Amino acid sequence: MRPGLPLTLALISSFLPSALHCQNQPAPPASPSILQDYDQAIDDVAEKAMRSVVEIEVTGYGVPEHDEDESSSQTLQRQRSLGSGVIVDPDGYIVTNNHVVAGALRIRVILSPATVEMVPYHTSLARKQRVYEAKLIGTNRYADLAVIKIEEKNLPSIALPDQQFRVRLGQTVLAIGAPQGLDHTVTKGIVSAVGRQPELDRPMVYVQTDAPINPGNSGGPLVDRGGNLIGINTFILSSGGGSEGLGFAIPEPVVRFAYHELKEHGVVHAITIGAHAQTITPALAAGLKLPQDWGVILSDVDSGGPAETGSLRAGDVITSIDGLPVDSLPKYTAVMYIHPRGFPMQIQVMRGSQPVTVGVTPADAPPTVDNLTDLINPATDLIASLGIFCIDLKAPLSDSLQTRSKTGILVAGLLNGEPATLADLQQGDVIRTLNGKPVSDTAHLRQDLASLKPGDAAVFEIERQSVVQYIAFEIE
């Protein structure tokens, strides 16, 4: 035996009892890793949030898919579409996008089974499928939001808080919806940008995310790592129609404001301070010797309007409204949008080199019509024999459209396909009389047409682009 070996064996032997004792004890539980904790947190948020997400099935009339410019389209066709929504009140109130339910004849809400776990040979479902007929409460095209309701109680919901949650660049978010009709699809990403304005001619700001969003996600929620609603997914920028990591959600403050307005009034009442703002450019700042070369400046103030009454002046640089900083025209418009109707606002401006604070009480803004088809209720406004959608013309709509006629029937849209009776009507025409008899409303026009027999002559007196003319045709 080599020298030193007995000592080595003795040392090893001295440890054997404790080693054998350790073999008989259960191994201490492994501490969960940071990634495991993170995954578990995301699992919990997704499972809770998805219970409040619904699939929305709509049948109605819409702009043909091949028509890329929806704002200028006159023709509507029968369509069936799918979208998403989120329950924000346990009593069945649901927020979705306006474009999901626009032109709807029938709205169905589907609470589909939510698969939350898969184990060998079976899956775990959060609930059973239920289908409800939904009622349209109100829509707002400007923010692309709508509120619908189903008759049910004690539903899981994501509440709209009184105080907004802070949205930070780079934070983790989940998008939930039914892309391509695949209900309860959850995708994860980050907030790519806050206060994004992708369309320069539309002063709306969005939360940008790289969480994959596809057609059918519209109206679904974007939630943060605490399960709080931070936006409603509304559209993507894509060259191929699929997700390219450029998704946009309507910010929660806008959603909250519009929801309460639509729930109470069915519409969002627009306000105005009677002032006109524009973006400050470096050249403008240099020429006017402004204290900053960015932000928003008032270029004009309406005589007798709220801004003039509150002592605002052309040339004032807006710095904040109601304590919220205003650094761009979209931010200015967004703050104006969410200000409560009928309440005064505090506006901080730089007048020359001096900060000035003024109080302004906004007035109700006159109605604006971006697209006549937005005014259509397909359930009541279609006159199928003429292939037109009609709405009653009266103030303030006639004032907004600046028509010569103050009463009559406005042709708001055309039905795709050839109508039974060929009358050369166009969107925007105002029908004033039928065979010399004044036309008071759509219901009476429908009755008068029904009283005519096939082959009878019919003559409309219409206003088209401020010119009154006749349109003659025969009843088919």
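This one's a predicted model, so the numbers in the text were calculated from it and none came from an experiment.

A. Highlighting helix α4 (residues 252–265). In this model, α4 (14 residues) spans 20 Å end to end at C-alpha, consistent with the 20 Å of a helix rising 1.5 Å per residue. Extensive coverage of α4 is indicated by the burial of 10 of its 14 residues. Looking only at α4, the buried set comprises E252, P253, V254, V255, R256, F257, A258, Y259, E261 and L262. Once α4 finishes, G266 follows within two positions and takes phi at roughly 85°, a positive value.

B. Region of the structure containing the packing of aromatic side chains. The tally for this structure, following the rule as stated, stands at eight aromatic pairs. When the ring of Y93 is compared with that of Y259, the centres are 6.5 Å apart and the planes differ by 80°; the resulting orientation is edge-to-face. With Y93 in strand β3 (residues 93–96) and Y259 in helix α4, the pair connects residues that are 166 residues apart, well separated along the chain. Across the pair, exposure class does not vary: Y93 and Y259 are buried alike. On the numbers, 5.2 Å between centres and 85° between planes, the contact of Y206 with F235 is edge-to-face. Highlighted residues: Y206 in strand β12 (residues 206–209) and F235 in strand β14 (residues 229–236), separated in sequence by 29 residues. The exposure class of Y206 is buried, given its relative accessible area of 4%.

C. Layout of the sheet that holds strand β10 (residues 172–177). Pairing is antiparallel around the closed barrel formed by six strands, whose spatial order is β10-β11-β12-β15-β14-β13. Along the sheet, successive strands turn relative to each other by an average axial angle of 45°, direction set aside. Of the strands in this sheet, β14 and β15 (247–251) touch α4, which is tilted by about 50° from β15.

D. Spatial organisation of unusual backbone geometry. Going from A395 to P396, the amide bond is cis rather than trans, its omega being 5°. The residue P396 is located in the loop between β25 (388–393) and α9 (397–401) in this model. Its identity as a non-glycine residue notwithstanding, H184 has a phi of 55°, on the positive side. Here H184 is to be found in the loop between β10 and β11 (185–196). For S311, which is not glycine, the phi torsion reads 75° and is therefore positive. Following the sequence through the fold, S311 ends up in the loop between α6 (306–309) and β19 (317–321).

E. Summary view of the side chain of D381. Here D381 shows up in helix α8 (residues 378–381). Buried charge D381 goes without a salt bridge, the closest partner of opposite sign being R446 at 6.3 Å. Reaching out from D381, the side chain makes a polar contact with the side chain of T380 at a distance of 3.0 Å.

F. Spatial organisation of the pairing of β25. Burial runs high along β25: five of the six residues are buried. Pairing of strand β24 (residues 382–383) with β25, which is carried by two bridges, proceeds in the antiparallel orientation. Bridging across to β25, I383 finds its partner in I388. In textbook terms, the turn of a hairpin is the stretch between consecutive antiparallel strands, and for β24 and β25 this stretch comprises four residues, one of which, G387, has a positive phi near 70°. For β25 and strand β26 (residues 408–415), the ladder comprises six bridges, and the chain directions are antiparallel. In the sheet register, D392 faces β26, and the bridge partner there is I409.

About the cut-offs
- Residues numbered from 1 in each chain as written.
- Predicted model: local features only at pLDDT ≥ 70, side-chain atom pairs only at ≥ 80, totals over all residues.
- Heavy atoms only, no water.
- Helix = DSSP H or I, 4+ residues; strand = E, 2+ residues; numbered from the N terminus.
- Expected span 1.5 Å × (residues − 1).
- Buried < 20%, exposed > 50% of the residue type's maximum accessible area, 1.4 Å probe, protein only.
- Phe/Tyr/Trp six-rings, centres within 6.5 Å; stacked < 30°, edge-to-face > 60°.
- Pairing = 2+ DSSP bridges.
- Axes fitted to C-alpha atoms, helices over the stretch in contact; angles between N-to-C directions.
- Contact = heavy atoms within 4.5 Å.
- Lys, Arg positive; Asp, Glu negative; His and termini not counted.
- Salt bridge = Lys/Arg side-chain N within 4 Å of Asp/Glu carboxyl O.
- Polar contact = N/O pair within 3.5 Å; in protein donor to acceptor, adjacent residues only side chain to side chain.

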